[in-house]
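# Summary of the model geometry
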Amino acid sequence: MSVKTFVSVMQNELDKIKKELVQRILVVFNKDFEGNNRKFARAVGCDEKTIRLLFDHNQGMTLNLFLKICSAIKITPSELLKDLELKKEG
């Protein structure tokens, strides 16, 4: 496997993990914050636009934002990341 192919495969795997992570956050957000972006943004300590872009998959998530979101939804980072892993290609 060429380096270019390997990087492409890894990027695809990372994108899948990011989407799954956002979906997990979205489930708790809808339950605990009733879909209210403003209320969630206040709890996280960020701009409402950041939340909107994150849920629309138009913005990545920094480690800092991830930790703030975990705190706001009262779930440990480990719980949120449970069973997410990069598949090892051959």
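What comes next concerns the included structure. All of these numbers come straight from a predicted model, not from anything done at the bench.

Reading the values: the criteria
- Residues numbered from 1 in each chain as written.
- Predicted model: local features only at pLDDT ≥ 70, side-chain atom pairs only at ≥ 80, totals over all residues.
- Heavy atoms only, no water.
- Helix = DSSP H or I, 4+ residues; strand = E, 2+ residues; numbered from the N terminus.
- Buried < 20%, exposed > 50% of the residue type's maximum accessible area, 1.4 Å probe, protein only.
- Salt bridge = Lys/Arg side-chain N within 4 Å of Asp/Glu carboxyl O.

### Focus: the environment of valine 9
Inspection of the secondary structure puts valine 9 in helix H1 (residues 3-32). Taking relative accessible area as the criterion, valine 9 reaches 21% and is therefore assigned partly exposed. On a C-alpha basis, the gap between valine 9 and serine 78 in space is 24 Å, while along the polypeptide they are 69 residues apart.

### Points about the pattern of salt bridges
Going through the model one piece at a time under the given rule, you end up with five salt bridges. Note that lysine 18 is salt-bridged to aspartate 15, the shortest N-O span being 3.6 Å. Highlighted residues: lysine 18 and aspartate 15, both in helix H1, separated by three residues, approximately one helical turn. Under the relative-accessibility criterion, aspartate 15 is labelled partly exposed at 30%. Across the pair aspartate 32 and lysine 31 runs a salt bridge whose closest N-O atoms are separated by 3.8 Å. The class of aspartate 32 is partly exposed, set by a relative accessible area of 37%.

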